[in-house]
Number of protein chains: 2
Amino acid sequence: MNTPLLSPSRRVRRTPFSDGVEAAGIQAYTVYNHMLLPTMFNSVEEDCRHLKTHVQVWDVSCERQVQIKGPDALRLVELLTPRDLSKMSAERCLYIPMVDQDGGMLNDPVLIEAGPDTYWISIADSDVLMWVNAIAACNSFDVEVTEPDVSPLGVQGPLANELMSRVFNEDVKALRFFGCNRFAFEGHEFLISRSGYSKQGGFEIYVDNYELAMPLWNALFSEGEELLVRAGGPNLIERIEGGLLSYGNDMTRANTPLECGLGMYVNAGRLDTCFGGRALREELEQGSRQMIRPIAIEGHIPMCDRVWPVYAGGKQVGQVTSAAWSPDFETNVSIGMVERSHWDAGTKLEVETHEGMCDAAVQDAFWK
Amino acid sequence: MNTPLLSPSRRVRRTPFSDGVEAAGIQAYTVYNHMLLPTMFNSVEEDCRHLKTHVQVWDVSCERQVQIKGPDALRLVELLTPRDLSKMSAERCLYIPMVDQDGGMLNDPVLIEAGPDTYWISIADSDVLMWVNAIAACNSFDVEVTEPDVSPLGVQGPLANELMSRVFNEDVKALRFFGCNRFAFEGHEFLISRSGYSKQGGFEIYVDNYELAMPLWNALFSEGEELLVRAGGPNLIERIEGGLLSYGNDMTRANTPLECGLGMYVNAGRLDTCFGGRALREELEQGSRQMIRPIAIEGHIPMCDRVWPVYAGGKQVGQVTSAAWSPDFETNVSIGMVERSHWDAGTKLEVETHEGMCDAAVQDAFWK
């Protein structure tokens, strides 16, 4: 198969860091929220190895913010998710499944209290601004729903603490998981959270000052030189090993948060308030029909660019939606959605890749 | 600059025609509605020449359908657009600007009456399903809002009539512009409209039967062999020459339909009913602040992958968002948004590309 190029256009937006990404030798992108997201600099395996041992700077500008601002902002936010929001504060952001009126996943963003009556939803790949804004319009809520000029920059890997404390200050090390606070760089206070789309630890800097974007990028690279910092991006192998779901890959509007293994973010006390509450309550009572599972696949597999049906005894019992060879675990790691009858750890399955059938087995946990 | 690849993933969806597209030698894609959209097979210039002289088959599956079905379907549709819908019928589809509560463009789809109490919105690149579905949920409308498994296939070019009548039947030639009807292929009735994203004439076949997708593709190629049919896709040069706007490129939620030159689709009598009516009425009364204009640019220009500011006398008066060299018109053709003070035909401007400043001039019409 040939490897097609990605056509340039304004619609597939560049980011404030694109010049840096290009200078770092970007090899492949994906498109995410109508924006360029770097996926590969050397090779997916080599990028994975480096991420697990050093520190990387990720242009994740495509994690666009949906800003909800105004007196009714919290009232609106409470409609959007079944998660208990009482622990949210200016110092703590929350991962929130967002669901529609039937409990179907619309996005799985991080919710940030960015200021008084001001919330940012740091989104996965769907135009959930349209959902939020329509709810605002239909209810005549006193809010503005916008996409502000904010581009997250990720710093991920075991040496992230060290690099961040060099560029900002030592206090950044004190941030707890999903903690957030403001830190100064060249006189500007950036919101920073300890979060990110890897299991290696790290931070996300919400870059709301376009002029400082490349100076910040460059400072991370100069301060990180002896740490062997590199440009990177969400890594296919590492995120599957760690069980980090990808909206659009592993879950869609056809799935509920319970099916996605996100039950800890579904609070029974919130189900009278939020969209989809009735459907989620029914599922809580009756049990889920299917669930996200880690699945090890044997043999040679192609790149997973489509849904792979999963069979047991000739009957389809699920699907695999992300898969890659893991050099560290010496198996093909994958994420699948499997029916209740076959989701127990150890269950033998067959995965139908587009190049043939492979033996597989449900695992008891993701690979960590 | 290097030319980055597009990473494969399930999230960037393949189409029912992807096997055919690959066999035809696809060179470049863009991503549109989370789906692969072919953009180049030979070169943009060569593809353009062929489109203007022969006939092409376009995989425009990415024009996803938002289906609104149920007793309240028409009531919901009427909220979505300021266009007068009284001329719509099962035999006539309509181009409808969709706007938010402030008159901002959310999408510019084609509206199709697909059956009793059933409408399809054949969408440009935004998840407008979320907007439509939220309106349904907030108003407790008795409708279902879904993305059905429908993948449009375009047949575009001067020989489109000839090719379509060979694969379907002579009656297809009788379809008028934006007319639609059902035509049989291998026993299945496909909805077909005379429409498409080129100015060369042609059709869109709404392929709602996955099993027949590749047989239909193959029939178009075998029946079209002596017509020198080729695989193609929306062509950057041809669509700029023809003034076909691209949502996300030439207009966004920051623009109203009036600014986009779509005033003929804004009906004063509808403005009390639809979203954004008040803002659009104000703009109708006061005149638009800026407008889409054809702009000819002199000199050498790079690929337009970002907004190019437009200046007059050192002051920014607009922006260019799509541009390409046109071999037929021997100039760089472009689409820009220009403020009222400088939108008259003949006005001299300067366009700041990312490789330098170029002289330019507003044209009286697109290039046809």
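What you see is a predicted model; the values in this text were computed from it and never measured. (Residues numbered from 1 in each chain as written. Chains lettered and ligands numbered in written order. Predicted model: local features only at pLDDT ≥ 70, side-chain atom pairs only at ≥ 80, totals over all residues. Heavy atoms only, no water.)

Take the packing of aromatic side chains next. This structure, assessed with the given rule, holds 18 aromatic pairs over all chains. Relative to Trp367(A), the ring of Phe366(A) lies with its centre 6.1 Å away and its plane at 70°, an arrangement referred to as edge-to-face. This pair shows no difference in class: Phe366(A) is buried, exactly as Trp367(A) is. Between Phe185(B) and Phe190(B) the ring centres are 6.5 Å apart and the planes differ by 45°, which places this aromatic pair in the tilted class. A connected cluster of aromatic rings, assembled from ring pairs, spans Phe17(A), Trp217(A) and Phe221(A). (Phe/Tyr/Trp six-rings, centres within 6.5 Å; stacked < 30°, edge-to-face > 60°. Buried < 20%, exposed > 50% of the residue type's maximum accessible area, 1.4 Å probe, protein only.)

When the UniProt feature table is mapped onto this chain numbering, "domain: GCVT N-terminal" (unreviewed entry) sits at residues 29-267 of chain A. Between the end C-alpha atoms of residues 29-267 of chain A the distance is 37 Å, and the span holds 23% helix and 28% strand. (UniProt positions renumbered as here; feature names shortened; annotations may be inferred. Helix = DSSP H or I, 4+ residues; strand = E, 2+ residues; numbered from the N terminus.)

Attention now moves to the pattern of salt bridges. Evaluated as defined, the whole model comprises 38 salt bridges over all chains. In this structure, the salt-bridge partner of Glu147(A) is Arg64(A), at a minimum N-O distance of 3.1 Å. Residue Glu147(A) is found in the loop between β11 (144-146) and β12 (151-156), and its partner Arg64(A) is found in the loop between β4 (56-59) and β5 (65-69); the two are separated by 83 residues along the sequence. Given the relative accessible area of 34%, Glu147(A) is considered partly exposed. In this structure, Arg281(B) engages Asp272(B) in a salt bridge whose closest nitrogen and oxygen atoms are separated by 3.3 Å. On the basis of relative accessibility, which here comes to 29%, the residue Arg281(B) falls in the partly exposed class. The exposure class assigned to Asp272(B) is exposed, which follows from its relative accessible area of 66%. Taken together, the shared-partner salt bridges in this structure form one network comprising Arg14(A), Asp19(A), Glu22(A), Asp305(B) and Arg306(B). (Salt bridge = Lys/Arg side-chain N within 4 Å of Asp/Glu carboxyl O.)

Residues and elements named next belong to chain A. The assigned domain composition of chain A is domain 1 (18-63 + 150-239), domain 2 (65-141 + 256-288) and domain 3 (290-368). The straight-line distance from the C-alpha centre of domain 2 to that of domain 3 is 30 Å. Each partner contributes to the interface: domain 2 provides 7 residues, whereas domain 3 provides 6 residues. Interface area for domain 2 against domain 3, summed over the two sides, is near 490 Å², with a carbon-plus-sulfur share of 46%. Among the residues domain 2 hides against domain 3, the three largest losses belong to Glu259, Cys260 and Ser288. Together they make up 81% of the total. Summed over the shared surface of domain 2 and domain 3, the result is 0 salt bridges. Where domain 2 touches domain 3, the interface holds 3 residue pairs in polar contact (both at pLDDT 80 or more). (Domains from an automatic or database assignment. Contact = heavy atoms within 4.5 Å. Buried area = accessible area lost by both parts, 1.4 Å probe. Polar contact = N/O pair within 3.5 Å; in protein donor to acceptor, adjacent residues only side chain to side chain.)

With that settled, the discussion passes to the relation of the copies chain A and chain B. By a simple turn and slide, chain A fits onto chain B: the slide is 0.0 Å along the axis, the RMSD is 0.0 Å, and the turn is 180°. Such a combination of rotation and displacement between the chain copies is what one expects of a two-fold axis. A high fraction, 100%, of the interface residues of chain A reappear at the interface in chain B, so the copies pair face to face through one surface. (Least-squares fit on C-alpha atoms with pLDDT ≥ 70 in both.)

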